[in-house]
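Chain by chain, the residues run as shown.
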Amino acid sequence: MGFAYVEFFRNMPLLVQLFIWFFVLPELLPRSWGLWLKQMPHAPFYTAAIGIGLFMSARVAEQTRAGINSLPRGQKLAATALGLTTAQTYAYVLLPMAFRIIMPPLTSEFLSTIKNTSVAITIGLIELTGEARAMQEFSFQVFEAFTAATVLYLLVNIVVVTAMRVLERAIAIAGYITGK
Amino acid sequence: MFESFDFDVIRRSLAYLFFDGMTFTLTLTGLAALGGLIFGTLIALMRLSGLPLLGRIAGLYVDLMRSLPLVLVIFWFYFLVPYIGQWLTGSSRPVRVGAFASSLVTFVLFEAAYFAEIMRAGIQSISKGQPAAAQALGLTYSQTMRYIVLPQAFRNMVPVLLTQTIVLFQDTSLVYVLSIPDFLGAASKVAQRDGRLVEMYLFAAAVYFIISCVASFGVRQLQSRIAVMR
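Residues numbered from 1 in each chain as written. Chains lettered and ligands numbered in written order. Predicted model: local features only at pLDDT ≥ 70, side-chain atom pairs only at ≥ 80, totals over all residues.

All right, on to the overall build of chain B then. In terms of helices and strands, chain B carries eight helices and zero strands. Tracing chain B from N to C terminus, the helices and strands come up as α-α-α-α-α-α-α-α. Burial analysis of chain B (230 residues in total) assigns 39% to the buried set. The long-range share in chain B, meaning contacts at least 24 apart out of those at least 6 apart in sequence, stands at 71%. (Helix = DSSP H or I, 4+ residues; strand = E, 2+ residues; numbered from the N terminus. Buried ≥ 20, exposed ≤ 12 C-beta atoms within 10 Å, placed from the backbone. Contact = placed C-beta atoms within 7 Å.)

This is how it looks when you write it as structure tokens:
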């Protein structure tokens, strides 16, 4: 099930997925639901948020799986020996460690989430790239509009990278791989 | 829910979808992957050259490209390429560039940044002894790279390069923002002309899904075969 979920979301372009959520889903649902979806205010925003969220969740799932797999087997065995249930083992032992290990790839997933929001321009959401495009169309100032968008993206990137690095250092456990 | 489905619209547009759309998508993917690999390898070599200025430039280029969304880069180059052409040919007006050429330049330059990082990892995975031995044999730097380091780096990275190419294949759908008829663009054109959004988008999704699935399965097979060989 998890495998199918990940494969489903990873093997389709994000753009196609957004189209399906935005154009196809309301038609396939029962009539009244479809109508409600279409008439919802800010529909492109919610569609993009949920669509991109699902798309990225599949990729984060892969990273987390890699993180959990990279933990020594003894941790899980020790947790079981202490009498923790499976849920407790994951919540208190495996996941806290796995998340610390996958912090660097998680940072880049976070960055690509920000970049992927620009795909939402195709379903009519005016985000940063869309705003730059609109500016350029009104004023014919191609370079100014796109330079502004580029600089803003770079700034957001720098902020995220710095914040994640601070977070990484703050939650690092001394003496462990991640806590150099 | 599916009772009003019109499969005929898909059948009628199959020829257009595959001969025009898919051909565009696949040609763009293939050429962009090839160009990206060549430029990417050059950038990786610049980064590892040990010359501070070259390394700095290559690093900046990779960081810049990797922190911008592809859609924005597509728009950038769509407006920039005519001016670059004007500058290169020295003509008095911006050069007229077709949709294909413009998107090809975009994808080559954009993917070069990603391929550069892969090739850098590949080159760094070669043990230090190899270039040292090549130097001891009296090979020049370019000979060392051409005959010793790059072939091995390339072979080690083939699965990763192919995976990146699959990602590239999916990303080419973004040329939709320039209304270029790639596979998705063609599907969406038919969809809007005939008012058959549901059928066409589901069909396009299924085609992308099947191709990517088969390709990544092939890469996985290749990976296990290479792993056994080593």
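Scanning chain A for helices and strands turns up nine helices and zero strands. Order of helices (α) and strands (β) in chain A, N terminus to C terminus: α-α-α-α-α-α-α-α-α. Expected size for 180 residues packed as a compact globule is a radius of gyration near 16 Å; at 21 Å, chain A overshoots this value by more than 25%. The dimensions of chain A, computed from C-alpha atoms along their principal axes, are 65 × 45 × 25 Å. Intrachain contacts of chain A at a sequence separation of at least 6 include 67% that bridge at least 24 residues. (Rg over C-alpha atoms; globule rule 2.2 N^0.38 Å.)

All right, on to the interface of chain B and chain A then. Interfaces are frequently sized by the accessible area removed from exposure as the parts join. Counting residues at the interface gives 27 residues for chain B, matched by 27 residues for chain A. Broken down by element, the side of chain B that touches chain A gets its largest block of residues, 11 residues, from helix α8 (residues 197–229) of chain B. The class makeup of the residues in the side of chain B that touches chain A is 21 nonpolar, five polar and one charged. (Nonpolar A, V, L, I, M, F, W, Y, C, P; charged D, E, K, R; others polar.)

With that out of the way, let us pick up the confidence of the model for chain B. Taken over all residues, the pLDDT of chain B has a mean of 87, while the share at 70 or more is 97%. Complex prediction metrics read pTM 0.84 and ipTM 0.80. (pLDDT = per-residue confidence, 0-100.)

Summarising the model, chain A shows a mean pLDDT of 85, and 96% of its residues fall at 70 or more. Looking across chain A, the model is least confident in helix α3 (residues 31–39) of chain A, with a mean pLDDT of 79, and most confident in helix α5 (residues 73–81) of chain A, with 90.

This part covers the packing of helix α1 (residues 7–47) of chain B against helix α6 (residues 141–171) of chain B. Residue and element names in this part refer to chain B. Running from amino to carboxyl end, α1 crosses α6 at an angle of 135 degrees, the nearest separation of the two axes being 11 Å. By the angle between their axes, α1 is oblique relative to α6. Crossing of α1 over α6 shows right-handed handedness. Contacts between α1 and α6 pair Thr29, Ala32, Ala33, Leu37, Thr41 and Leu45 from the former with Met145, Leu150, Leu161, Thr165, Leu168 and Phe169 from the latter. Within the contact of α1 with α6, the residues separate by chemical class into nine nonpolar, three polar and no charged. (Axes fitted to C-alpha atoms, helices over the stretch in contact; angles between N-to-C directions. Parallel < 35°, antiparallel > 145°, perpendicular 65-115°, else oblique. Left-handed = near helix turned anticlockwise from the far one by under 90°.)

With that settled, consider unusual backbone geometry. The phi angle of most residues is negative, glycine excepted, and most peptide bonds adopt the trans form. Residues and elements named next belong to chain B. Its identity as a non-glycine residue notwithstanding, serine 179 has a phi of 50 degrees, on the positive side. Within the element layout of this structure, serine 179 appears in the loop between α6 and α7 (183–194). For serine 179, a count of 10 C-beta atoms within 10 Å gives the class exposed.

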